[in-house]
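# Examination of the molecular architecture
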Amino acid sequence: LYNSDKILVGGDFPQLNGSFRGGLGRLNLDSTLDSSFVGSLGYLTTINAFHNFPSGKILVAGGFDAIGTSFHRYVAMLNSNGSVDNSFVIDPRVDHVVYSVAVQTDGKILLGGYTGDSGFGSTLGKGVWRINADGSLDTTFDTQIAALESVWSVALQADGKILIGGGFTAVNGTSRTGLARLETNGSLDTAFNTILGGNAYVATAIVEPNGKIAIIGNFSGVNGVNR
């Protein structure tokens, strides 16, 4: 991901160009390490998604317990030099690994991730969360994916509706395999029902400039047509 003419690199790795970076680092355009960028992860070293803000701040999400020496779980906000922005505190109800992020025009942030099961804490994870710009949970948004399933892709349409793709079989108790569309409050858009063939999942859903939707994943057909 490009950031101020530099390249942010995230994933699951202990080193970048021979220096410890614990899953998160920044390169110059000639691929040398940008040593001025201080961000690095702690014990669980996986970054799955980024978002660059016009202010220069960077939202990072994935499976991690800490950035540097600061405790931050699954989602964190960084300053432009990689240091932690401690004014952003993620709500503890975002309680599982996050795979994807999308930022609405009003600054609220959508997160897609793993639901987990009832053995992890007292309640099931949600799979899709919406947080406010400070990391607090937006409780007006309510989507529930089935237990032990995942949302790997979140994409916004121009009208504010939300496409989710992943490895799931139901959304808010209604059958949907791998792809669904949500209303702006997180309820299921029942007018959108794409039937994917095979042992289907959607790894990425993309809203193109003309409003059409491209999907990438594992499926044998779309609405009865071989694809």
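Whatever comes next refers back to the structure up there.
Residues numbered from 1 in each chain as written. Predicted model: local features only at pLDDT ≥ 70, side-chain atom pairs only at ≥ 80, totals over all residues. Heavy atoms only, no water.

A few words now on the overall build of the protein. From N to C terminus, the protein includes zero helices and 23 strands. By the compact-globule yardstick of 17 Å for 227 residues, the protein fits well, its C-alpha radius of gyration being 18 Å. Counting only C-alpha atoms and orienting by the principal axes, one finds that the protein spans roughly 50 × 40 × 30 Å. For the protein, the residues scored as buried account for 48% of the 227 residues in total. Across the protein, contacts joining residues at least 24 apart in sequence account for 37% of those joining residues at least 6 apart. Distance between charge centroids for the protein: 4 Å, based on 14 positive and 18 negative side chains. (Helix = DSSP H or I, 4+ residues; strand = E, 2+ residues; numbered from the N terminus. Rg over C-alpha atoms; globule rule 2.2 N^0.38 Å. Buried < 20%, exposed > 50% of the residue type's maximum accessible area, 1.4 Å probe, protein only. Contact = heavy atoms within 4.5 Å. Lys, Arg positive; Asp, Glu negative; His and termini not counted. Charge placed at Lys NZ, Arg CZ, Asp CG, Glu CD.)

Strand order in the open sheet made by the three strands is E6-E7-E10, with antiparallel pairing throughout. For this open sheet the edge positions go to strand E6 (46-52) and strand E10 (75-78), each flanked by a neighbour on one side alone. On average, each strand axis in the sheet is inclined to that of its neighbour by 25 degrees, with strand direction left out of account. Examined bridge by bridge, strand E7 (residues 58-63) and E10 share four bridges and lie antiparallel to one another. Residue pairing for E10: Ala61 is matched across the bridge by Val75. (Pairing = 2+ DSSP bridges. Axes fitted to C-alpha atoms, helices over the stretch in contact; angles between N-to-C directions.)

Time to look at the nonpolar core. Grouped together as the largest cluster of nonpolar side chains are 17 residues, with contacts concentrated most on Leu59, Val75, Phe88, Val94, Val98, Leu111 and Ile131. Where this core is concerned, the elements lending two or more residues are E7, E10, strand E11 (98-103), strand E12 (109-113) and strand E13 (128-131). When residues no more than four places from it in sequence are discounted, the contact partners of Val94 are Tyr74, Val75, Leu111, Trp129, Ile131 and Leu137. (Core = buried A, V, L, I, M, F, W, Y, C linked by side-chain atoms within 4.5 Å.)

Attention now goes to the sheet that holds E11. The antiparallel open sheet is built from three strands, whose spatial order is E11-E12-E13. With partners counted over all chains shown, the strands left at the sheet margins are E11 and E13, one partner each. Adjacent strand axes in the sheet meet at a mean angle of 20 degrees when their direction is disregarded. Here E12 pairs with E13 via four bridges, running antiparallel. Bridge pairing links Ile109 to Ile131 in E13.

Overall, the coordinates contain one aromatic pair when judged by the stated rule. An angle of 85 degrees between the planes, with centres 5.3 Å apart, marks the rings of Trp152 and Tyr201 as edge-to-face. A residue pair is termed long-range when its members are at least 10 positions apart, and Trp152 in strand E14 (residues 150-156) and Tyr201 in strand E20 (residues 201-207) qualify at 49 residues. For Trp152, a relative accessible area of 30% corresponds to the partly exposed category. Judged by its relative accessible area of 34%, Tyr201 is partly exposed. (Phe/Tyr/Trp six-rings, centres within 6.5 Å; stacked < 30°, edge-to-face > 60°.)

This part takes up the pairing of strand E5 (residues 24-27). Of the two faces of E5, the one holding Leu24 and Arg26 and the one holding Gly25 and Leu27 are both buried throughout. In this structure, strand E2 (residues 6-10) lies alongside E5, joined through four bridges in antiparallel fashion. By the bridge assignment, Ile7 is partnered in E5 with Leu27.

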